[in-house]
Amino acid sequence: MNASDVTIIKVWELPQELVEISANVLIDEQRMACIQDNAGTIYMYNLHSKVIEQKIVFTGKGDFESLVHIDNTFYALRADGYLYKITPGMKAEPVVETFDLPLTVENDTESMFYDATASRLLIGVKEKNMVNANAPGKEVYAFDLRTNTMSPNPVFTIEEPGDIATPDAKNKGKKKDRKFKPSEIAMHPSTHELYILNGPLSILLVADKLGKVKKQYPLDKRLFPQPEGLCFSTSGELYLSSEGGNHGRGIIALVKLAGRE
């Protein structure tokens, strides 16, 4: 696999407020909800007008890394294991509940997605596992939305992927040790495969629902210097987001992968 296996259909360059975009979730065909590092704010970005049309402030500063939207409620995940449930009001301030999960900054919680079949959020670590700290792969845990509790035992472990060739021309064809640090996970709405971003290396992986990696797609680091967000439309269209890097702007991109629906 190489970067040419990822077709860029459309790119949105984001306002400066979202230069550090860390998660995105599609609300409808027109609106994308986004969060960014360092601000407890949900930004409602209009894909048609290309402007931020609403801001939902739910707390102060913090390292926010993932966002889920269920009905009229958002869930925002902080890297140190705090989960925020945010229910926006029509005019009033949003109703916010906070859950202190059995995870810490050492685990670095950066990925979260909704499993409707079991009414739960599945939360993954980027760094240290809770149960098998030194084992290969990264554990994923369940937060039960019916009881608002999380078991410390993993539901499954995303396997450590093998080495792949670097996508940039300078290192084309070369192999090297590459640490696995999942930045975000999303589930395909029809195949139920897991799509996993390895943000530091600008790689997108596709795995089965138990975390066994099937495909790896290097991303063009010029467009995706630090990809940390991904989501699907109900029909299976894939949207990726990336921080802007040192001199660029944050972006959202609609992409298509070779060999995938």
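As a reminder, the structure under discussion sits directly above these lines.
Residues numbered from 1 in each chain as written. Predicted model: local features only at pLDDT ≥ 70, side-chain atom pairs only at ≥ 80, totals over all residues. Heavy atoms only, no water.

Trainee: In this structure, what is going on with the overall build of the protein chain? I would like to understand it.
Mentor: Summing up its helical and strand segments, the protein chain has zero helices and 21 strands in all. On C-alpha atoms alone, the protein chain measures out to a radius of gyration of 17 Å, which is about the 18 Å that the 2.2 N^0.38 rule sets for 261 residues. For the C-alpha atoms alone, the extent of the protein chain along its principal axes is close to 55 × 45 × 35 Å. Across the 261 residues of the protein chain, 51% fall into the buried class. Contacts in the protein chain between residues far apart in sequence, at least 24 positions, make up 44% of those at least 6 positions apart. Across the protein chain, the centroid of the 30 positively charged side chains sits 5 Å from that of the 35 negatively charged ones. (Helix = DSSP H or I, 4+ residues; strand = E, 2+ residues; numbered from the N terminus. Rg over C-alpha atoms; globule rule 2.2 N^0.38 Å. Buried < 20%, exposed > 50% of the residue type's maximum accessible area, 1.4 Å probe, protein only. Contact = heavy atoms within 4.5 Å. Lys, Arg positive; Asp, Glu negative; His and termini not counted. Charge placed at Lys NZ, Arg CZ, Asp CG, Glu CD.)

Trainee: What am I meant to see in the pattern of salt bridges here?
Mentor: For side chains of opposite charge, pairing can occur when their charged atoms come near one another. Counted under the stated rule, the structure contains twelve salt bridges. For Lys55, the salt bridge goes to Glu17, with nearest N and O atoms at 2.4 Å. On the criterion of sequence distance, the pair formed by Lys55 in strand E5 (residues 51-57) and Glu17 in the loop between strand E1 (6-13) and strand E2 (21-26) is long-range, its members being 38 residues apart. Judged by relative accessible area, which is 45%, Lys55 ranks as partly exposed. Exposure remark for Glu17: the relative accessible area of 33% places this residue in the partly exposed category. (Salt bridge = Lys/Arg side-chain N within 4 Å of Asp/Glu carboxyl O.)

Trainee: Any chance you could explain the sheet that holds strand E4 (residues 39-46) here in plain terms?
Mentor: In any sheet, the strands associate via hydrogen bonds between backbone groups, in a parallel or an antiparallel arrangement. Here we have four strands laid out as an open sheet, ordered E2-E3-E4-E5, and antiparallel in their pairing. Edge strands, defined here as strands with exactly one partner in the open sheet, are E2 and E5. The average angle at which neighbouring strand axes cross in this sheet is 25°, direction not considered. When E2 meets strand E3 (residues 31-36), the two strands line up antiparallel, connected through five bridges. Within E3, the position partnered with Ile21 by the bridge is Gln36. (Pairing = 2+ DSSP bridges. Axes fitted to C-alpha atoms, helices over the stretch in contact; angles between N-to-C directions.)

Trainee: Mind showing me how you'd approach unusual backbone geometry here?
Mentor: Note on backbone geometry: most residues besides glycine have negative phi, and most peptide bonds are trans. One non-glycine residue, Asp71, adopts positive backbone phi at about 55°. Mapping Asp71 onto the fold places it in the loop between strand E6 (64-70) and strand E7 (73-78). A positive phi is found at Asp108, a non-glycine position, where the angle reads about 55°. Structurally, Asp108 is set in the loop between strand E9 (95-100) and strand E10 (109-115). For Asp108, a relative accessible area of 13% corresponds to the buried category.

Trainee: Even after reading the chapter, I still don't get the pairing of strand E11 (residues 120-125), so can you show me in this structure?
Mentor: In regular strands, side chains alternate between the two faces of the sheet. With five of its six residues buried, E11 lies for the most part within the structure. Sheet analysis places E10 next to E11, joined by six bridges and oriented antiparallel. Residue Ser111 lies in a different strand from E11, and its bridge partner there is Gly124. The hairpin turn running from E10 into E11, its antiparallel successor, is four residues long, and Ser119 in that turn takes a positive phi close to 50°. Bridging between E11 and strand E12 (residues 138-144) involves five bridges; their strand directions are antiparallel. When the sheet's bridge partners are listed, Leu121 is paired in E12 with Phe143.

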